[in-house]
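Next come the chains, spelled out residue by residue.
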Amino acid sequence: MDELNDQRQQRIKKLDLLRDLQVPPYGTRFEVTDRAGDLIRLHGEKPKEELERESIPCRIAGRIVALRRFGKAAFAVVQDGADRLQVYLKKDRLAEPSYRVCEQLDLGDWIGVSGHLFRTKTNEFTVDVSELTFLSKALRPLPEKWHGLTDVETRYRQRYVDLIANPSVHDIFITRSRIIAGIRAFLIDKGFLEVETPMMQPIPGGATAKPFVTHHNALGVDLFLRIAPELYLKRLIVGGFPRVFEINRNFRNEGISTIHNPEFTMLEFYVAYADYNDLIALTEELFGKLAQEVRGSTTIEYQDKQINMAAPWRRWSYRQAILEVNGLDASVLQDRTAALETAKKLGVEVKQDADLPTILNEIFEETVEPNLIQPTFITDYPIELSPLARRKDTDPTLTDRFELYIAGREIANAFSELNDPLDQRQRFEAQDAQREAGDEEAHHLDEDFLRALEHGMPPTAGEGIGIDRLVMLFTNQASIRDVILFPQLRPEK
RNA sequence: GAGCCGGUAGCUCAGUCGGUAGAGCAUCGCCCUUUUAAGGCGAGGGCCCUGGGUUCGAGUCCCAGCCGGCUCACCA
């Protein structure tokens, strides 16, 4: 169908017309000395007379996204990154072959121009072009000029078109890059070492999730795409790096939704000699800094909610939160039957044979989580939900752990790491029992990880932050697909 | 996996009660040397998501499927 498309045929014809003019339709280099955005920032506010007086030369390149032709002149809007700058192409001013080239221009073509800055009659900041260089031909038409590209499926499948047609999409991904660069700078400044650990693992560990399986032919073994880097990063703490972090992809073979993509970017960092309280302070500092850098304020707006990132944030123990939100008596925390009844009364669906921690967690997720709009550290999770976290000294049924919630969503998960190899072995064995009972997502026992712990790991605190959700928060996007350049979709056709 | 909504020209969308497939932008031709969604005159462009069915006749009604969005379930 595309092959027969009339607009595409027209443009292929123009390739030959350009070649007739000795102009290669797919050129080589062009010396770019200016960026449209810089010119606009530096000179865009200057009045007409000042621009005339200064006669500022410039040389930019970009894609034509609007074209208004007259008989012997034309205005083109050139898009350079997220910025757009108008250029004026006038027959008198251009050398003879240049204007012939100008007549062949289409929306979508790449050009380079040099000339001088001026203001038009209607006061538009514009480049008066004296030399036009054709750079590359577009064979396909751009989306329509004022509605742009709105079809979400096409936006995700053909992100390149989305980026051309919707400049604001550039800003989201520029912000994403700034957030990641900001995190990296923050951690490196605090003495962290950035490392890379295996994405392909023989035993998928460090999280509760279903992995993707792949196969290595030469080794003749199945490998798993990692669900978390955690166990490898802790091996590095054992090895003697006191502060490490990794920013990389995790893969989980689970559902897709507005907050889940099968591959997602995770920051994990580990600090020797520290505990989870130290990470609370570090997290507040990091988020405050990012909010300032990216939004210019510690108050940010997310989906009509005002979120105040200024430290300190609320700390609330997991059990207290369950009790307070629902006005419950502390006795339900110890009594499975009472907890089950409470769940029913609250309209929380729970399997009849669920154990006490699971019932309480269902109640937590249904009744507490959605209300945690302002940044809140939920602390002291039960040991059953935290197979890699250190027990609390004051209560061995709880762990030294927090999860950070913002806008009703889990943003970070952190704990003092379990460094007792014998306790860790028992926890893995408990997970194995759950696996045998049918829980596909239970943690796998990792002998080499236990061997590492047996060599001694210093007291350590570790934290994971989901970067995609963090970017959603800072760019005010409702869907994770809008902060991932190429989100996973079913293949076309 | 379930429910709801959507899929018509390159793009954004109309399409009445089942009766010859429409608009704007884009494209092509002509005019036009300061436009801003430039303008004027004229023209071309369709696997109406796919496959069945009902009917004299289906973009429209029915069934099945494909793709997407949202909500729910699972998950970070």
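Preceding block: the structure.
The rules behind the values
- Residues numbered from 1 in each chain as written.
- Chains lettered and ligands numbered in written order.
- Predicted model: local features only at pLDDT ≥ 70, side-chain atom pairs only at ≥ 80, totals over all residues.
- Heavy atoms only, no water.
- Salt bridge = Lys/Arg side-chain N within 4 Å of Asp/Glu carboxyl O.
- Helix = DSSP H or I, 4+ residues; strand = E, 2+ residues; numbered from the N terminus.
- Buried < 20%, exposed > 50% of the residue type's maximum accessible area, 1.4 Å probe, protein only.
- Pairing = 2+ DSSP bridges.
- Contact = heavy atoms within 4.5 Å.
- Axes fitted to C-alpha atoms, helices over the stretch in contact; angles between N-to-C directions.
- Phe/Tyr/Trp six-rings, centres within 6.5 Å; stacked < 30°, edge-to-face > 60°.
- Lys NZ or Arg CZ within 6 Å of the ring centre and 35° of its normal.
- Disulfide = S-S within 2.5 Å.

Where do I start with the pattern of salt bridges in this structure?
Oppositely charged side chains can pair when the atoms bearing their charge come close. Enumeration according to the criterion identifies 34 salt bridges in this entry. A salt bridge links Lys-14 to Asp-106; its shortest N-O distance comes to 2.7 Å. With Lys-14 in helix 1 (residues 6-20) and Asp-106 in the loop between helix 4 (96-103) and strand 4 (110-119), this pair connects stretches of sequence that are 92 residues apart. A relative accessible area of 19% means that Lys-14 is categorised as buried. What makes Asp-106 buried here is its relative accessible area of 10%. The salt bridge partner of Arg-249 is Glu-263, with a shortest N-O separation of 2.6 Å. With Arg-249 in strand 10 (residues 243-251) and Glu-263 in strand 11 (residues 263-272), this pair connects stretches of sequence that are 14 residues apart. Look at Arg-249 and you get partly exposed, because its relative accessible area is 35%. Taking the relative accessible area as the measure of exposure, Glu-263 reaches 26% and is therefore partly exposed.

How do you make sense of the sheet that holds strand 15 (residues 376-379) when you look at a structure like this?
Each strand in a sheet pairs with its neighbour through backbone hydrogen bonds, running either in the same direction (parallel) or in the opposite one (antiparallel). With mixed pairing, eight strands are arranged side by side in an open sheet as 6-10-11-18-17-16-15-14. Each of the sheet's edge strands pairs with one partner strand only, and the pair in question is strand 6 (193-194) and strand 14 (314-317). Across six bridges, strand 16 (residues 401-406) lies against strand 17 (residues 409-416) in antiparallel orientation. Following the sheet pairing, Leu-404 is matched in strand 17 by Ala-412. Most of the contacts of helix 9 (residues 276-295) go to strand 16, to which it runs at about 25 degrees, and overall it touches strand 11, strand 14, strand 15, strand 16, strand 17 and strand 18 (460-466).

Explanation requested: the packing of aromatic side chains in the structure shown.
Aromatic rings considered in pairs are described by the distance between their centres and by the relative angle of their planes. This structure, assessed with the given rule, holds 12 aromatic pairs. Measuring from centroid to centroid gives 6.1 Å for Tyr-88 and Phe-118, while their planes differ by 40 degrees, and the two rings are tilted. With Tyr-88 in strand 3 (residues 83-90) and Phe-118 in strand 4, this pair connects stretches of sequence that are 30 residues apart. Pair check on accessibility: Tyr-88 and Phe-118 agree, each one buried. Aromatic ring contacts, followed pair by pair, group Phe-70, Phe-75, Tyr-88 and Phe-118 into a single cluster. Geometry around Trp-316 places Arg-314 over its ring, the cationic atom sitting 3.6 Å from the centre.

Quick question: what am I supposed to make of the state of the cysteines here?
By definition, a disulfide links two cysteine residues through a covalent bond between their sulfur atoms. Across all of its chains, the model carries zero disulfides by this definition. Free cysteine Cys-102: the closest other cysteine sulfur is in Cys-58, separated by 16 Å. On the accessibility criterion, Cys-102 (1% relative accessible area) is buried.

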